[in-house]
Amino acid sequence: MRAIVLGGSFAGLLAARVLHDFADEVTILEPDNEQEHRTRSGAPHRDQLHALLAMGHDQLERFLPGLTEELVDAGAHLGHGEQVQFYIDGKRRPTVPGIRMIGASRALIEAHVRRRVLALPRVQVLPHRATGVRTHAGRVYAITSVTPGGDCHELPADFAVDAMGRSSRLGRWLEAAGWPAPRIERLRIELGYATARFHRGHELPDTVVAHSTPGPASNYLPSVCEPGALTAVEGARWDVVLAGYTGYRPTSDPAAFVNRMRRCVAPIQQVADLCAMEAEPTTFHVRDSRRRHFRELPRLPGGLAVLGDALASVNPVYGQGLTLATLQASALHRHLRCGASPHLPATGYFRRAGAVVDAAWQLSTTADLAQPHVTGPYPFGYPLVRWAADRVTQASILDAEINAAFSDVLHMRQHPRVLTRPRVLLRTARTLATHKITRPT
Ligand SMILES: Cc1cc2nc3c(=O)[nH]c(=O)nc-3n(C[C@H](O)[C@H](O)[C@H](O)COP(=O)(O)OP(=O)(O)OC[C@H]3O[C@@H](n4cnc5c(N)ncnc54)[C@H](O)[C@@H]3O)c2cc1C
């Protein structure tokens, strides 16, 4: 089997890793190979703080054994227990002993994944930009591409994976080849992000990750505490990110950034007070969360899968994107391992990957729709789901068992439906009844 992966960023590299187990040759097309630069033009968001959730970390280690050790040798930090701190409405959640998170920049993680994947004997990368798909007899048979010098190619393929990110043009290419394009669902969020880097000395020796969001007690507004996160990364640095919606987006002004850090949770305040800024804030604007509904298509060519942001790109404040890509890679592995013909429509893959996307989408949009500026569309039963989610969130601050269940969902180890199990709901009711809490307004 000849496989072609369109896009050689995080999801494309993972797709290539999976395909290597089944294909005679795997070719990655990636026009932007300036890997030594933190900010590639093909993935400009790479410069922002990236948290890798526990499930994503587990999956990376599964596909690339020993990666954690390599990252730690390169200066990354492995956070366990007390070193991984999650806050909601300014209050720290109980520690979850089984959770570990890696403190590293996205650039470092991706560079190591890339090195490992490109070292596989049947994987190569070409600096081509993909320009279209060719189909015949119900399946993809080639990918068209152009080199940096402008030469056009038609590359034969038995199986192609779109990993071209959230702006993928695959839908248009399918239409041009006579196939229907997937529906794109969007939820407008108008998120502003800004990441700055600080020198890391001996302050906060017991912190690798600190993450803080507003919750039900503040009606999801930054009134009690600014939303933000910090991560200890390679090179004795802290990466600090601040987030805000619509007109309240963080800017690239260093003084304003530090002032805003002083209204965050304690670890972020301490970095503002004690550490020198090494790199000024860089900003990023995310207009919407979006996903493409390939499962709905009445006809889909064989030999085609879609991974990463090209399939679904959700609000980054929940840190799900990289982990979603690892879980989709796992779905692709299962699909091919079950003996599915690469020439037939990959419906099994889209079903499995779709289930993972549904869970991430449900989690992120339930919280996004609680934002006053996000005006829908609301899914059926939203008020009840939101009411229950608010109560479980509040109880998770007070009760370690509920928090452990909540944390498994947050880290994508479990489906959000585990939070509606009778045991969790009963314990939530008991916890809230025995504690005096601030009710949501
Ligand atoms: C501000 C911000 C913060 C984030 N924070 C987090 C976080 O904390 N944790 C987390 O897990 N996720 C986070 N994410 C999400 C994460 O960055 C994405 O989910 C991830 O980058 C998806 O990887 P990808 O490979 O699908 O797409 P991308 O990284 O966007 O890569 C797409 C690739 O396709 C290539 N390409 C494009 N067109 C073509 C073409 N025609 N031919 C060939 N190649 C092409 C591009 O050059 C690029 O390399 C964040 C996102 C943003 C925007």
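This structure is a prediction, so every number in the text was calculated from the model and none was measured. (Residues numbered from 1 in each chain as written. Predicted model: local features only at pLDDT ≥ 70, side-chain atom pairs only at ≥ 80, totals over all residues. Heavy atoms only, no water.)

**Quick notes on the site of the ligand**
Quick reminder of the rule: Whether a residue is near a molecule or strand depends on its heavy atoms: if one lies within 4 Å, it is near. Polar contacts, as counted here, are pairs of nitrogen or oxygen atoms within 3.5 Å of one another; within protein the pair requires one atom able to donate a hydrogen and one able to accept it, and residues that are adjacent in sequence qualify only if both atoms are side-chain atoms. In this text, helices come from DSSP runs of H or I with a minimum length of four residues, and strands from runs of E with a minimum of two, each type numbered from the N-terminal end. Gly counts as polar in this scheme, as do all residues outside two lists: the nonpolar Ala, Val, Leu, Ile, Met, Phe, Trp, Tyr, Cys and Pro, and the charged Asp, Glu, Lys and Arg. What counts as a domain boundary in this text is fixed by an automatic or database domain assignment.
The local shell around the ligand holds 32 residues, among which Ser9, Glu30, His50, Ala51 and Asp309 are the closest. Contacts to the ligand include glutamate 30, whose side-chain N or O atom sits 2.6 Å from an oxygen atom. Between histidine 45 and the ligand, the recorded distance is 3.0 Å, taken from a side-chain N or O atom to an oxygen atom. Put simply, the parts of the chain that give the shell around the ligand at least two residues each are α1 (10-19), β8 (129-136), β16 (277-293) and α8 (321-337). Partitioned by chemical class, the residues of the shell around the ligand number 15 nonpolar, 11 polar and 6 charged. Here the shell around the ligand spans two domains, since at least three of its residues come from each of domain 1 (2-53 + 110-185 + 291-366) and domain 2 (76-105 + 186-287).

**Topic: a positive patch on the surface**
Worth spelling out the cut-off: Each patch is built from salt-bridge-free residues with over 30% relative accessible area, joining like charges within 9 Å and nonpolar side chains (Val, Leu, Ile, Met, Phe, Trp, Tyr) within 5 Å. Surface exposure here means Shrake-Rupley accessible area, sampled with a 1.4 Å probe, where a residue is shielded only by the protein chains that are shown. In the sections that follow, a salt bridge refers to a side-chain nitrogen of Lys or Arg positioned within 4 Å of a carboxyl oxygen of Asp or Glu. For the purpose of counting charges, residues Lys and Arg are taken to be positive, whereas Asp and Glu are taken to be negative. His and the chain ends are not included. Every charge is mapped onto a representative atom, which is NZ of Lys, CZ of Arg, CG of Asp or CD of Glu.
Positive charge collects at one region of the surface, where Arg62, Arg334, Arg337 and Arg351 lie side by side. Within the fold, arginine 334 resides in helix α8.

**Focus: the sheet that holds strand β17 (residues 304-306)**
Hydrogen bonds between backbone atoms are what pair the strands of a sheet, whose relative direction is either parallel or antiparallel. For clarity, the threshold we go by: Here, any two strands with at least 2 DSSP bridges between them count as paired. Orientation is described by lines fitted to C-alpha atoms, with helices fitted over the stretch in contact, and by angles between N-to-C directions that extend from 0 to 180 degrees.
Within the open sheet, the 5 strands sit side by side as β7-β2-β1-β11-β17. Their pairing is parallel. The sheet is open, and its two borders are formed by β7 (123-126) and β17, each paired with just one other strand. Across the sheet, the axes of successive neighbouring strands diverge by a mean angle of 20°, strand direction being ignored. As paired elements, strand β1 (residues 2-6) and strand β11 (residues 159-162) share 4 bridges and run parallel to each other. Residue pairing across strands places alanine 3 opposite phenylalanine 159, the latter belonging to β11.

**Here's the deal with the state of the cysteines**
Test applied: When two cysteine sulfur atoms are found within 2.5 Å, that pair is recorded as a disulfide.
Under the definition given, this model contains 0 disulfides. With no disulfide partner, cysteine 275 has as its closest neighbouring cysteine sulfur the one in cysteine 264, 14 Å distant.

**What to know about the domain arrangement of the protein chain**
Rules: Reported buried area values correspond to the accessible surface (1.4 Å probe) lost by two parts on association, with both partners' losses combined.
Segmenting the protein chain into domains produces domain 1 (2-53 + 110-185 + 291-366), domain 2 (76-105 + 186-287) and domain 3 (382-434). Taken together, the two surfaces of domain 1 and domain 3 that pack against each other cover about 840 Å², and 75% of this comes from carbon and sulfur. When the buried area of domain 1 at its contact with domain 3 is split by residue, Leu53, Leu363 and Thr366 rank highest and sum to 56% of it. Counting across the interface, domain 1 meets domain 3 through 0 salt bridges. Of all the secondary structure elements, the ones that give two or more residues to the side of domain 1 that touches domain 3 are α8 and α9 (347-368). When the residues that make up the side of domain 1 that touches domain 3 are grouped by side-chain class, the tally is 6 nonpolar, 4 polar and no charged.

**Topic: unusual backbone geometry**
With an omega of 10°, the peptide bond running from glycine 376 to proline 377 counts as cis. Note on placement: proline 377 falls in the loop between α9 and α10 (382-398). Unusually for a residue other than glycine, tyrosine 220 sits at a positive phi of about 65°. Relative to the assigned elements, tyrosine 220 resides in the loop between β13 (209-213) and β14 (228-233).

**Section: the nonpolar core**
This is how the line gets drawn: Here, nonpolar core refers to any group of buried Ala, Val, Leu, Ile, Met, Phe, Trp, Tyr and Cys residues whose side-chain atoms link them within 4.5 Å. Partly exposed residues are those whose accessible area sits between 20% and 50% of the maximum for their type, while under 20% is buried and over 50% is exposed, using a 1.4 Å probe and protein chains only. Residues are treated as being in contact if the distance between any of their heavy atoms lies within 4.5 Å.
If you look at the biggest cluster of nonpolar residues, it comprises 90 residues, and the most contacted ones within it are Leu19, Leu332 and Tyr349. Not counting residues up to four positions away in its chain, the partners in contact with tyrosine 349 are Ala305, Val306, Leu307, Leu311, Gln328, Ala331, Leu332, His335 and Gly354.

**Let's talk about the environment of histidine 57**
As for its placement among the helices and strands, histidine 57 is situated in helix α2 (residues 54-63). Along the sequence, histidine 57 and leucine 410 sit 353 residues apart, while their C-alpha atoms lie 13 Å from each other. Setting aside anything within four residues of it in sequence, one finds histidine 57 in contact with Leu52, Thr68, Leu78, Arg100 and Ile102. At 2.8 Å, the side chain of histidine 57 forms a polar contact with the side chain of threonine 68.

**Quick notes on α1**
Across the 10 residues of α1, 10 count as buried, placing the element largely inside the fold. Taken together, the buried positions of α1 are Phe10, Ala11, Gly12, Leu13, Leu14, Ala15, Ala16, Arg17, Val18 and Leu19.

**Describing the pairing of β1**
Judged by how many residues are buried, β1 sits mostly within the fold: 4 of 5 residues are covered. In this structure, β1 lies alongside strand β2 (residues 25-29), joined through 5 bridges in parallel fashion. Note that in β2 the partner of leucine 6 across the bridge is leucine 29.

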